[in-house]
Amino acid sequence: MNAIDLSKLRNAEYLQYMKDFTGIITLNNPSSLNIDSKLSAFTSKTTELEVLYKKAIASDKTQELLLLDEKRDNAVNGIYYFLLSQTYHYDIAKPQKARLLLNNIALYGSGIARLNYQAETATINNFLRDWENKPELTDAIDYFNLSDWMNELKTANTNFNNVYLSRTQEYGDASPETIRTKREEINTAYYALRDRIDALHLLTESSPSPYSTVINHLNALTDQYNILLANRQPIPDTGAATEGLQ
């Protein structure tokens, strides 16, 4: 069956993919496919994640986090694309100063706005600290008059972190760490189920294989989510994107 990078799916997307995966199998008479035990284990883990996820999003602070995360993502992307545009400027001083700041961002990796919550918070803090303390970077910020952008990003990032910590105190069993662990458990059950179907399909001697239809349907589902991920990819090496694992 077609592969997908599960780690790139956000929690809501990940959960929906797993539920859709189960739904397709259920529509294809799973009792006749000899996969009952694998399917049961997979479905059980998915249900456990759904319970955790619903508890997490029930918090008012979760909605506040989404808004603050979007705000800091917009600031990161706004700063980045402004600087990128300056690298094409005819005035030689502007490309040089823009590259100083872009190279500094690049030190902390690409796709900053696509990182998970905690990693994005730390990364933004790191390069903002550089911009505030390294003279050549501070000079570039002043040159482009980016202080307002910096303040916007710093405020949004600080507020996000404060709300994030407050929300973490509100719930223990639905914390991001627990959800991440549950995703790992589901991944194991998912691959076991997928590999079981693939193996039985390959071992089928009659034609057509009774697994062909369900495999085709599952591949169509996976292709849809792969398209979603591909459309969310940033321009290569930009350091800007949309959101990471939440």
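Residues numbered from 1 in each chain as written. Predicted model: local features only at pLDDT ≥ 70, side-chain atom pairs only at ≥ 80, totals over all residues. Heavy atoms only, no water.

## Concerning the overall build of the chain
Threshold: The helix and strand labels rest on DSSP assignments: H or I over at least four residues marks a helix, E over at least two residues marks a strand, and numbering proceeds from the N terminus. A simple rule labels every residue: compare its accessible area, found with a 1.4 Å probe on the protein chains alone, to the largest value its type can have, and call it buried under 20%, exposed over 50%, or partly exposed in between. The contact criterion used is simple: two residues touch if any of their non-hydrogen atoms lie within 4.5 Å. All accessibility values rest on the Shrake-Rupley procedure with a 1.4 Å probe; residue burial counts only the protein chains present in the view.
A count of helical and extended segments in the chain gives 9 helices and 0 strands. Taken from N to C terminus, the helices and strands of the chain fall in the order α-α-α-α-α-α-α-α-α. Per-residue burial for the chain yields a buried fraction of 43% across its 246 residues. Relative to all contacts within the chain whose residues are 6 or more apart in sequence, the contacts with residues 24 or more apart total 78%. Of the roughly 12600 Å² of accessible surface on the chain, a fraction of 52% belongs to carbon and sulfur atoms.

## So, the nonpolar core
One recurring pattern in soluble globular proteins: nonpolar side chains tend to sit buried together. Inclusion rule: Side-chain atoms within 4.5 Å link the members of a nonpolar core, which is a set of buried Ala, Val, Leu, Ile, Met, Phe, Trp, Tyr and Cys residues.
Counting 32 residues, the largest nonpolar core has Y17, F21, I25 and I197 as the members making the most contacts within it. Grouped together as the second largest cluster of nonpolar side chains are 21 residues, L83, I105, I112 and F127 included.

## With respect to the packing of helix α1 (residues 11–26) against helix α9 (residues 212–231)
To keep things clear, this is the line we draw: Here an angle of 0 to 180 degrees is reported between the N-to-C directions of two axes, which are lines fitted to C-alpha atoms, with helices fitted over the stretch in contact. Should an angle fall under 35 degrees it is called roughly parallel, over 145 degrees roughly antiparallel, and 65 to 115 degrees roughly perpendicular, with every other angle called oblique. Whether a crossing is left-handed or right-handed is set by the direction in which the near helix is turned from the far one by less than a right angle, anticlockwise for left-handed and clockwise for right-handed. Gly is put with the polar residues, along with every residue not named as nonpolar or charged; the nonpolar set is Ala, Val, Leu, Ile, Met, Phe, Trp, Tyr, Cys and Pro, and the charged set is Asp, Glu, Lys and Arg.
In the contact formed by α1 and α9, the axes pass within 9 Å of each other and the chain directions differ by 165 degrees. For the element pair α1 / α9, the angle class is roughly antiparallel. You can see that α1 and α9 cross each other, and the crossing is right-handed. Contacts between α1 and α9 involve E13, Q16, Y17, D20, F21, I24 and I25 from the first element and V214, H217, L218, L221, T222, Y225 and L228 from the second. The residue inventory of the contact of α1 with α9, partitioned by class, reads 9 nonpolar, 3 polar and 2 charged.

## Digging into the pattern of salt bridges
Condition: Salt bridge, as used here, is a side-chain nitrogen of Lys or Arg placed within 4 Å of a carboxyl oxygen of Asp or Glu.
What the rule picks out here adds up to 13 salt bridges. Linking E185 and K45 is a salt bridge whose minimum nitrogen-to-oxygen distance equals 3.1 Å. Here E185, found in helix α8 (residues 176–203), pairs with K45, found in helix α2 (residues 36–57); they are 140 residues apart in sequence, far enough to count as distant. Relative accessible area serves as the criterion here: at 30%, E185 is assigned to the partly exposed category. Among the ionic pairs, D139 bridges to K97, the shortest N-O distance being 2.7 Å. In this pair, D139 is assigned in helix α6 (residues 135–144) and K97 in helix α4 (residues 93–106), connecting sequence segments 42 residues apart. Overlapping salt bridges, with partners in common, bring together K45, E48, K182 and E185 in one network.

The quantities given are spatial measurements derived from coordinates; they are silent on function.
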